[in-house]
Amino acid sequence: MPRTGWRKPESDRRLSDLVSVGVLTKVFPPDVVDAVIAECGRTEQRRRSLPARSVAYFAMGMALHSDGSYEDVLALISDGLAWAERSEESPKLANKAAISHARDRLGAEPMEKLFARVAVPLAAEGAPGCWLAGRRLVAVDGTCLDLADTPTNDAFFGRPGVAKGEKSAFPQARVVALAECGTHAIFDAVIGPYTTSENKLTTGLLDSLEEGMLCLADRGFYSFDAWQKAVRTGADLCWRVTDTLRLESIEDLPDGSYLAEVFHSVKDRKRRHPVTVRVIEYTIKDGREPAGPFRLVTTILDHTEVPAIELAAAYAQRWEIESAFDELKTHQRGPRAVLRSKSPDLVLQEIWGHLCCHYAIRSLMLDAALQAGRDPDRISFVAALRISRRSIAQQGAFPP
């Protein structure tokens with residue numbers, strides 16, 4: 001309800017156009033944004049038409065309105081912040097050059113720290129589709145994003161090769177993330193050049209695991225060192241491994257799984273420094289060609305605590321992080337779209353803005369699911385994105 005004496009800012013935009021800013025400010029409150037900016041030393045020394053706080057919301061707004069121009073996005077963000085802050089002044093909008101300079105001043109670090117400060121797993125204990133035997137289901141995986149084809153982006157990020165020794169059309173950034181399976185909420189991520197492998201980037205991500213989680217990962221992520229690093233966090237693991245990984249069976253279990261020893265290397269095998277894991281092997285037969293065989297290793301050694309068939313079914317939840325990447329890349333960013341930033345630091349800022357925006361929308365979806373008593377991953381991301389965006393057009397923007 002409006003306060004006494006408060007007037008709506010002079011603007012011809014509809015309140016529905018400003019809902020998107022409310023989504024962002026609810027999940028990323030202005031005081032948190034200001035605190036992170038201050039910690040990074042980006043607070044303005046003099047009054048500017050584009051303060052750092054507005055630029056941080058602008059970075060998220062670019063993700064929410066990925067098909068809008070700089071000026072369009074800034075207009076929505078500025079009007080929305082005016083509504084949120086009960087301002088009576090309609091700010092004078094900066095041009096594209098001024099926006100670019102403001103983005104340069106902010107840099108990528110505040111957006112990265114803002115995401116790290118706010119993003120956490122969302123599901124309450126017992127939420128449908130989010131837990132297994134008292135453990136929160138999370139998954140790790142990676143994806144790549146096409147970037148603007150500039151010399152600096154190419155030099156910093158690199159690009160994949162294609163047939164006949166040629167290079168792809170665009171440089172690419174690699175993103176490896178941890179997501180909560182039941183809500184699709186990405187709660188930690190590492191961004192690096194395409195030339196850096198997923199396994200190497202994952203090393204800096206595993207510390208975000210914690211006791212009470214069950215982490216799922218595809219076979220490309222397993223290594224003895226990564227497994228040990230993840231185990232030290234206290235989380236349980238259920239990772240697919242290749243058929244070539246040598247496992248020495250030491251005990252068969254009644255549910256069809258078995259305990260085995262795995263070694264760091266052949267040399268280590270002679271020194272007898274094994275790690276005991278539980279192995280689940282299975283195929284999927286659903287009337288089509290049999291899928292598999294699948295080979296999982298887990299830290300949950302007690303078959304009575306989580307039977308093999310439940311772990312095999314839970315491993316299918318790993319695909320939820322693929323769906324989260326699809327939401328971000330296909331629907332939020334736009335299909336076949338290339339990120340607009342021309343320099344590496346702004347590319348990182350833009351990607352962190354996308355991750356913040358996706359997290360905000362997923363938070364909104366969880367609130368809606370709780371109110372409706374629904375499983376959060378049964379709600380349409382496209383519908384939630386459309387509601388969050390509303391319309392970027394002004395009243396009267398289209399002729400009769």
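Every chain begins its residue count from 1, and numbering advances along the sequence as written. At least 70 in pLDDT is required for a residue's local features to be given in this predicted model, at least 80 for side-chain atom pairs to be given and counted, and no such filter applies to totals for whole chains, interfaces and linings, which use all residues. As a rule here, side-chain values come from all non-hydrogen atoms in the structure, and water together with hydrogens is ignored.

Where helices and strands are cited, they refer to DSSP runs of H or I of at least four residues and of E of at least two residues respectively, numbered from the N terminus. Along the chain, the regular secondary structure elements total 14 helices and 10 strands. By residue count, 50% of the 400 residues in the chain fall in the buried class. When checking whether two residues touch, look at their non-hydrogen atoms; a contact exists if any pair is within 4.5 Å. Within the chain, counting contacts between residues at least 6 apart in sequence, those at least 24 apart form 66% of the total. Using a 1.4 Å probe, accessible areas were evaluated by the Shrake-Rupley method; residue-level cover was limited to the displayed protein chains. Accessible area for the chain stands at about 19400 Å²; split by element, carbon and sulfur atoms hold 51% of it. Burial status follows relative accessibility: with a 1.4 Å probe on protein chains alone, a residue under 20% of its type maximum counts as buried, one over 50% as exposed, and anything between as partly exposed.

The next point concerns the packing of aromatic side chains. We call Phe, Tyr and Trp rings a pair once their centres come within 6.5 Å, taking the six-membered ring for Trp, and we label the pair stacked below 30 degrees between planes, edge-to-face above 60, and tilted otherwise. What the rule picks out here adds up to 7 aromatic pairs. Geometrically, the ring pair formed by Phe115 and Tyr359 is edge-to-face, given 6.5 Å between the ring centres and 80° between the ring planes. A residue pair is termed long-range when its members are at least 10 positions apart, and Phe115 in helix α6 (residues 109-118) and Tyr359 in helix α13 (residues 344-372) qualify at 244 residues. For Phe115, a relative accessible area of 1% translates into the label buried. Ring geometry for Tyr282 versus Phe294: centroids 5.2 Å apart, planes at 15°, classification stacked. In this pair, Tyr282 is assigned in strand β9 (residues 275-284) and Phe294 in strand β10 (residues 291-298), connecting sequence segments 12 residues apart. Summarising the burial analysis for this pair, Tyr282 and Phe294 share the class buried. Put simply, the rings of Phe115, Trp352 and Tyr359 touch in pairs and so form one group of aromatic residues. Here, over-ring charges are defined by two tests on the NZ atom of lysine or the CZ atom of arginine: distance to the ring centre within 6 Å, and angle to the ring normal within 35 degrees. Lying across the ring of Tyr70, Lys96 places its NZ or CZ 6.0 Å from the centre.

Glancing now at the environment of Thr25. Structurally, Thr25 can be placed in helix α1 (residues 19-27). On the basis of relative accessible area, Thr25 is assigned to the buried category, the value being 14%. Residues Thr25 and Tyr57 lie 32 residues apart in sequence; the distance between their C-alpha atoms is 8.2 Å.

Limitation: the analysis is restricted to geometry and does not speak to function.
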